[in-house]
Amino acid sequence: MARNPYLPYPARIDEVIVENEARDIKTFRLVFEDPKSAVEFDHLPGQFAELSLPGMGEAPFGIASSPTETDYLLFTIKRVGLFTTEIHSVEAGTAIGVRGPMGRPFPWDTMAGKNLLIIGGGFAFTTLRAAIKYILDPANRSRFGSILVIYGARTPGELMYKDELTEWQARDGIDVHLTVDHADEHWTQHEGVVTSLLGALKPSADNTLVLVCGPPIMIRFTLVSLATLGFSEDAIILSLEMRMKCGIGKCGRCNIGSKYVCKDGPVFTYQELRTLPTEY
Amino acid sequence: MTPSHEIEARLRETAEELLREKRVDLFLGYEKATLPFRTTPLFLTSPEEVERLAWNPFCTTNLAVYLPRLFKAPASAREAERAPPLPTVAVVLKGCDARSAIALVQERQVPREKLVLVGVACPGMVDVRKAERALGEHEALGAGEDALGNIHVVVEDGREVTLPREEIVADACLECRAPTPSLPDVLVGEPVEGKDPDGARRQTDEFASKTLDDRWAHLQDELSKCIRCNACRQACPMCYCKECLLDQTRPRWVGTSTDMSDVTIYHLVRAFHMAGRCTECGACARACSMGIDTRLLTRKLGQEVEDLYGYRSGESADVLPALSAFDMDDAQDFLTEP
Amino acid sequence: MTEKRIPHTDLDGLLGRLRERGAVYAPARDDAGDVALTQAPLDDPMVLEYRNFRLSPKAFFLPQSQTLLTFCDGEAHEPSLPDGETFLVGVRPCDAKALLALDKVFLDGDPPDPYYARLRETTTVIALACTRPMSSCFCTSVGGGPGDGAGADVLAVGLEADLLLRAQTPKGEELLSSVADLLADATDDAVKEAEKRVGAAESLIAPVEVDNSAQRLRDGYDSPCWETASQTCLGCGTCSFLCPTCHCFDITDELRGTRGRRVRTWDCCAYPLFTLHGSGHNPRPSPKERWRQRIMHKFRYAVENLDRLFCVGCGRCIRNCPASMDLRTVLRELGA
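Fair warning: this is a prediction, and the values are worked out from it, not measured in the lab.

### Considerations on the overall build of chain A
No. 1: Across its full length, chain A carries 8 helices and 15 strands.
No. 2: Expected size for 280 residues packed as a compact globule is a radius of gyration near 19 Å; at 18 Å, chain A falls within 12% of this value.
No. 3: Across its three principal directions, the C-alpha atoms of chain A cover 50 × 45 × 35 Å.
No. 4: When the 280 residues of chain A are sorted by exposure, 48% land in the buried category.
No. 5: Contacts in chain A between residues at least 24 apart in sequence constitute 71% of all its contacts with a sequence separation of at least 6.

Shown next, in the form of structure tokens:
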């Protein structure tokens, strides 16, 4: 019999990493209690999962790790609401439930053979990290053309995954540009909003797909810039956030028009989004 | 009692004049609904459409419930800058509804100067469920009123049935102490006296005379019908909180289920928050599709506040609500030594 | 398709036989005079004359509060699923048809919902054709009818002295054969009488134009009618909770000490909190968007996704709305 879709896989938080200066973003490293679960939990970057603490509720989060990181799952979570406050208070060793993977991943088949422009803002960089790790895996890197990453945050202290960003900037096969809205005295890279860096770099739209994740205001301006640079609507891939409960298309709250973000999304092309009502 | 059609004509004249002279932006009244025994609230902005306004024995909705949302405070300074100027609103109010409107003014939810209170002396409104039950398995296809205020119904087989008004009037109307609105800007209809103003006390006393076990059993029996649809809360003009305690999730005070513990807490919390605020319009009970007597608890708590502080909600716009005021002479015997 | 007949006088015998197999819910009159599906004592005769129940039978399949998981010392466990049989007798055709809509979400959806599936599997629905529709009924406009047995296992049609019983599913065939000794063969006269009665009921139902509603609602998405129609909405859940096809739900956790449960409870798109994000952003910020969502879901999104209207024309939302809103009005305005 099929597994009960409401029953989470038992897992344990084995490490908690504080990501930012404000200490309201943490990455949780999860290990499944039963190695069989890890096999069943077959995911691709762009998908999400429902995390739950027994008795404290459940909430959806994008998966921040790549399936090529086989021993664990990563979730980067900002403290904003009920469940996120709860999970921010737990320590390594805590039992946690994982349901998923859920939703449509980034369109990896379409992305094969293309140059990729990856644009992230603030805390929404999580599934983009998964995508970058996936692309950079030796087994996958040759499937894609050039990789240009633009990542911005309000301040240097708010950039996540700092060690990895440094590592990616130092290596070949990927071009990573960072920007902050407000620099401090140690900051030597670009200062300004993401779109100003995008305008300065002027990436070519030729044979290129764009992944964009960020706060709504950043997305709005980025879409304008991308259009100026000649990117077509079907070359732009976005990931949406909606309030969700079941994650399996039944509870009826995450729909935008006739599309359910939990099943038909969270990844949509800009072209697809343009056909939907603006209720997001 | 002034005939309904005369009241209706006066309401239309009043609305036409207020809208045409642009003394109000909105006239809030009633319109015939698609089914008999019912009206639906009408948001009128054009003097050309006043013929839609209706007055009949089925004007049950307490229109004061819409006032707080028309005068909702901006959420932020930025929103306040962009917010349009506050509207001026005329609203049709029965005696009970007028008390609600005044109570909202007292609680500073709506500005008195932006309201035109169009009071109607109310002979008591028909409770749709009582009326439908009185017809048994027959269904009304149309309903009207005679000179005595009794309801004439045409049922599906073409027969006409007369329902005596007092048999199908809402419970809250039977017990109403002030069916003629106090303090209106316009009063329509000859003043009406309350039918059984002592009824509420009598029923509360009767309930109080039962044993604790019997009272609890009655309450549980009544509340077991609840489907947690929130209609009682949403129909109540005094339930305007931006975030209701019953919806709060940090922490969650009340579970979301229909287990008796959750249902009981839901109704107790609502009743306690109505103490000294409920204007006894009965909107909660009429909104309940399950027929729960939601007034049982709110009525009792209103009487407690009246006995302790001599205060009744919605009777004067200038008086501080009982729970907002403190006086050295206030009864304090409910306080206990630590 | 088996067609049988049972005299009204033998109905108690039939219910008795069903009671030997499981829980039986049949129409009975309560203290207030309302007829409801009730697990009545044996000596209560089944009521045959009623319009419809205040509550739709959806709660038998999607309980208003349902435990999805139990917690004990930090571990989650699946609750045991019910295995006893349940018989619902006297469900109206509109409400039976609503089950086909719920099936689309909870059985055909990937993955299926195990809780719904079990209740659907263990419950047998015996529908009773409608002979006295109300002015709020419009089943015939949304693909149903007073004698439509779709969604039920057995359809009964009340005749002068008998009930005509028509098996609709294998489960219904099995049921009729298990009580064959109580049943007589249906005669041509009985079948004709049933047709006549259903036809008479059908003629009483006023049509609402919902043809091609999906396309018309696509065109009417930005219509000003949403704003005017939603002004009166009080934002309660009466329409959704009484609706036989509304199925949106919430999931919350409860914990006492180290024990607790994850519980699914009915929810409603008219509530502002339904779509409110943790950040404070709300994609459906006002009654306008919320009321539009409700109509769009039933008459457009469900058609686009599941090829089925999620309205069976039972009229409960119309009869019970505290502000007397009528969804037929907005459908007419949009020409949907």
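### Considering the confidence of the model for chain B
No. 1: For chain B, per-residue confidence averages 93 on the pLDDT scale, and 99% of positions sit at 70 or higher.
No. 2: In the predicted complex, the global pTM is 0.93; the interface-specific ipTM is 0.93.

### Side note on the interface of chain B and chain C
No. 1: On the chain C side, the residues contacting the 30 residues of chain B number 35 residues.
No. 2: Where the side of chain B that touches chain C is concerned, the elements lending two or more residues are β2 (39-44), α10 (231-234) and α12 (283-287) of chain B.
No. 3: At 4 residues, the largest contribution of residues to the side of chain B that touches chain C is made by β2(B).
No. 4: Across the side of chain B that touches chain C, the residue classes break down as 11 nonpolar, 12 polar and 7 charged.

### Here we look at the interface of chain C and chain A
Frequently, the measure chosen for interface size is the accessible area that the parts lose on association.
No. 1: With 34 residues of chain C at the contact, the number on the chain A side is 31 residues.
No. 2: Going through the elements one at a time, β4 (65-72), α2 (93-106), β11 (249-256) and α9 (287-306) of chain C are the ones with two or more residues in the side of chain C that touches chain A.
No. 3: The greatest single-element share of the side of chain C that touches chain A, amounting to 6 residues, is contributed by β11(C).
No. 4: For the side of chain C that touches chain A, the per-class residue count stands at 17 nonpolar, 10 polar and 7 charged.

### What about the sheet that holds strand β5 (residues 140-145) of chain B?
Residue and element names in this part refer to chain B.
No. 1: As summarised here, the arrangement of the 3 strands in space is β5-β6-β7, forming an open sheet in which the pairing is antiparallel. Every other strand in the sheet has two partners, leaving β5 and β7 (160-163) as the edge strands with one partner each. For this sheet, the mean inter-axis angle between neighbouring strands, taken without regard to orientation, is 25°.
No. 2: Pairing of strand β6 (residues 151-155) with β7, which is carried by 4 bridges, proceeds in the antiparallel orientation. Note on β7: the bridge partner recorded for V153 is V161.

### A closer look at the sheet that holds strand β8 (residues 154-158) of chain C
Hydrogen bonds along the backbone pair up the strands of a sheet, which may run parallel or antiparallel.
Residues and elements named next belong to chain C.
No. 1: Spatial strand order, β3-β2-β6-β7-β8-β9-β1-β10: 8 strands in an open sheet with mixed pairing. With partners counted over all chains shown, the strands left at the sheet margins are β3 (35-38) and β10 (184-185), one partner each.
No. 2: With 5 bridges connecting them, strand β1 (residues 3-7) and strand β9 (residues 162-167) associate as antiparallel partners. When the bridges of β9 are listed, K4 appears paired with L165.
No. 3: Sheet strands in contact with α2 are β6 (85-91) and β7 (123-128), and its direction is about 140° off that of β7.
No. 4: The strands touched by helix α5 (residues 188-202) within the sheet are β1, β8 and β9, with β9 carrying the most contacts at an inclination of about 90°.

Definitions and limits used
- Residues numbered from 1 in each chain as written.
- Chains lettered and ligands numbered in written order.
- Predicted model: local features only at pLDDT ≥ 70, side-chain atom pairs only at ≥ 80, totals over all residues.
- Helix = DSSP H or I, 4+ residues; strand = E, 2+ residues; numbered from the N terminus.
- Rg over C-alpha atoms; globule rule 2.2 N^0.38 Å.
- Buried ≥ 20, exposed ≤ 12 C-beta atoms within 10 Å, placed from the backbone.
- Contact = placed C-beta atoms within 7 Å.
- pLDDT = per-residue confidence, 0-100.
- Nonpolar A, V, L, I, M, F, W, Y, C, P; charged D, E, K, R; others polar.
- Pairing = 2+ DSSP bridges.
- Axes fitted to C-alpha atoms, helices over the stretch in contact; angles between N-to-C directions.

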